[in-house]
Amino acid sequence: MAAFFSLIRRDLQLALRQSADLAMVLAFFVIAASLFPLAVGPDKVVLGRIAAGVVWVLALLSVMMSLDRLFHNDYQDGALELIVLGPQPLILVVLGKVLAYWLSTGLPLLILAPVIAMMLNLEEAAYLPLMTGLLLGTPVLALIGAVGAALSLGARRAGLLMALLVLPLYMPVLIFGVTAIEAATTGFNWQPHMLYLGAILAAALPLAPWAAASAIRQALD
Amino acid sequence: MHRFANPTRFMKVADRLFPFVSAGFLALLAWGLYGALLASPEDYQQGSTVRIMYIHVPSAYLAVMIYGVLAACSASVLIWKHPLADLIARASAPVGLVFTVLCLATGSLWGKPMWGTWWDWDARMTSVLILFFLYLGYIALLNAFDDPARGSKPAAILALVGVVNLPVIKFSVDWWNTLHQPASLLRFDGPAMPASMLQPLLVMMAAFTFFYLMVLVIRLRAEFAAARIRTLRITGASE
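Source: prediction; values computed, not measured. Per chain, the residues get numbers from 1 upward, laid out in the order the sequence is written. By the order in which they are written, chains take letters starting at A while ligands take numbers starting at 1. With pLDDT at 70 or above as the cut-off, local features in this predicted model cover only qualifying residues; side-chain atom pairs require 80 or more to be listed or tallied, and sums for whole chains, interfaces and linings still use all residues. Side-chain metrics in this entry use all non-hydrogen atoms of the structure; hydrogen atoms and water are not considered.

The next thing to look at is the overall build of chain A. The numbering of helices and of strands both runs from the N terminus, where a helix is a DSSP run of H or I of at least 4 residues and a strand a run of E of at least 2. A tally of regular secondary structure across chain A gives 9 helices and 0 strands. Listing every helix and strand of chain A by position from the N terminus yields α-α-α-α-α-α-α-α-α. Seen through its C-alpha atoms, chain A measures out along the principal axes to roughly 55 × 35 × 30 Å. Exposure is judged per residue with a 1.4 Å probe applied to protein chains only, and the accessible area is read against the type maximum: over 50% gives exposed, under 20% gives buried, and values in between give partly exposed. For chain A, buried positions account for 49% of its 221 residues. Long-range pairs, those at least 24 residues apart, make up 81% of the contacts in chain A with a sequence separation of at least 6. In the form shown here, chain A has an accessible surface area of approximately 10300 Å², with 71% of it arising from carbon and sulfur atoms. Looking at charge distribution, chain A has the averaged site of its 10 positive side-chain charges lying 5 Å from that of its 11 negative ones. What makes two residues a contact is simply this: any of their non-hydrogen atoms within 4.5 Å. With residues, only the protein chains shown are counted as cover, and all accessible areas are computed by Shrake-Rupley using a 1.4 Å probe. Positive charge is attributed to Lys and Arg, negative charge to Asp and Glu, and no charge count is given to His or to the chain ends. Charge positions come from single atoms, namely NZ of Lys, CZ of Arg, CG of Asp or CD of Glu.

Bringing the interface of chain A and chain B into the picture now. Contacts between chain A and chain B engage 19 residues on the former and 18 residues on the latter. The term buried area means the drop in 1.4 Å probe accessible area that two parts suffer when joined, counted for both and summed. Summed over both partners, the interface of chain A with chain B comes to about 1600 Å²; 74% of that surface belongs to carbon and sulfur atoms. Its largest share of buried area at the contact with chain B, chain A owes to Leu151(A), Arg156(A) and Gln218(A), together 32% of the area lost on that side. Within this document, salt bridges are pairs made up of a side-chain nitrogen of Lys or Arg and a carboxyl oxygen of Asp or Glu, the two lying within 4 Å of each other. For the interface between chain A and chain B, the tally reads 1 salt bridge. In this structure, the salt-bridge partner of Arg156(A) is Asp146(B), at a minimum N-O distance of 2.9 Å. Any pair of N or O atoms that falls within 3.5 Å is considered a polar contact. Within protein, one atom must be able to donate a hydrogen and the other to accept it, and sequence-neighbouring residues count only if both atoms are side-chain atoms. On the surface where chain A and chain B come into contact, there are 5 residue pairs in polar contact (both at pLDDT 80 or more). Counting residues per element, the ones that place at least two in the side of chain A that touches chain B are helix H7 (127-151), helix H8 (158-185) and helix H9 (191-219) of chain A.

Now for the packing of helix H6 (residues 90-119) of chain A against H7(A). All names here are of chain A. It is at 9 Å that the axes of H6 and H7 come closest, and there the two elements cross at 150 degrees. Relative to H7, the element H6 is oriented roughly antiparallel. Here H6 runs over H7; the crossing is right-handed. Two secondary-structure elements touch here, H6 through Leu 95, Val 98, Tyr 101, Trp 102, Leu 110, Ala 113, Pro 114, Ala 117 and Met 118 and H7 through Tyr 127, Leu 130, Met 131, Leu 134, Leu 135, Thr 138, Pro 139, Ala 142, Leu 143 and Ala 146. Under the scheme applied, nonpolar residues are Ala, Val, Leu, Ile, Met, Phe, Trp, Tyr, Cys and Pro; charged residues are Asp, Glu, Lys and Arg; polar residues are all the others, including Gly. A per-class count over the contact of H6 with H7 returns 18 nonpolar, 1 polar and no charged. Orientation is described by axes fitted as lines to C-alpha atoms, over the contacting stretch for helices, and by angles from 0 to 180 degrees between their N-to-C directions. An angle below 35 degrees is read as roughly parallel, one above 145 as roughly antiparallel, one from 65 to 115 as roughly perpendicular, and any other as oblique. Crossing handedness: left-handed means the near helix sits turned counterclockwise from the far one by under a right angle, and right-handed means the same turn made clockwise.

Structure below.
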């Protein structure tokens, strides 16, 4: 357990010291969001209609773009090999790295999301489902992303490949996240959709680190 | 199963079966097409457009079935390092991809006259679209490494992760209210279709399955030859 927490501390420290990476992801999130009012026109009704979807898609893309930070640097400088050789179970190691990654990427995105939603004139009733959905959904994105990142270790054009692997698996999260907001703004109960997201998180929490760990193991063979 | 782990031994059997499979495919296709295009009745609502079904349903069935084969082979690659399973998975993926495209394309051609739209984002279509993306990702991952043998295990893991999509495809029409009609073949109370339409449909499905087997043997031969050329190159042999 001590190793688990020290791994999280190490990854968080690394993320903070290379804070330019994090800043770039957040900047991408904001800049890409500000393209939409320019593209579809500043009409508040239209923007409010698409706001939730835009926030969700951009959160998804931001997570995906920073996925190479998860294992790739450690893979290149050999640290990953040492970590794998250590006595800790690899599944826990992956879980720790994903947790640190979520704390350093998912959480800032979560804090930034309502600001962007406001810029895009999201309805007031939609904020709570949006934030709950992101709170449950971004860890799933990080977990599934870890599988994609581990699978593409050592591949040519790993970034593009990762998008191809990960985006189809992100779709269910996106669907439930957005339908909850749809339900909330049309006056229906949005909690059931959150239960689905929670169920996906509960399934991904043990399964995704398992798949990622076996992918890492064969990448280091 | 492990008796045929040796590809040479397996290919000997496969080569012997190949003429029967090809002949079976041609015979079934001829019978199925006759039944589908000429002998089967028109639908009382859809008219002749219902005949798209005889291509659409077998393609959909093969798209899902081949993904099942892919996943089963991937599991045995990861568990037993079965060399033949790796070759079968490699050879099957593009075939499955093509049938997924065929399923989406014929579905869209059928959707335009019947539903008035080429495409609708309902659960069945979206999950088949995800299947298409999974096939693409699988093939891309398989070929993403400089050493061609290196891609087979990551791709196998991806194929197993993608299995979650198969039950979603099957049950999407029951779980959500969709534009796509609910299941009419695999039902507890038997197929909801008159025998005059069911029979050509089943023949077409059998013909498509034989086609898959035929293409699989051809592609396995090619994979096999490619692997042999690679080893020859590595060992430095020249002509």
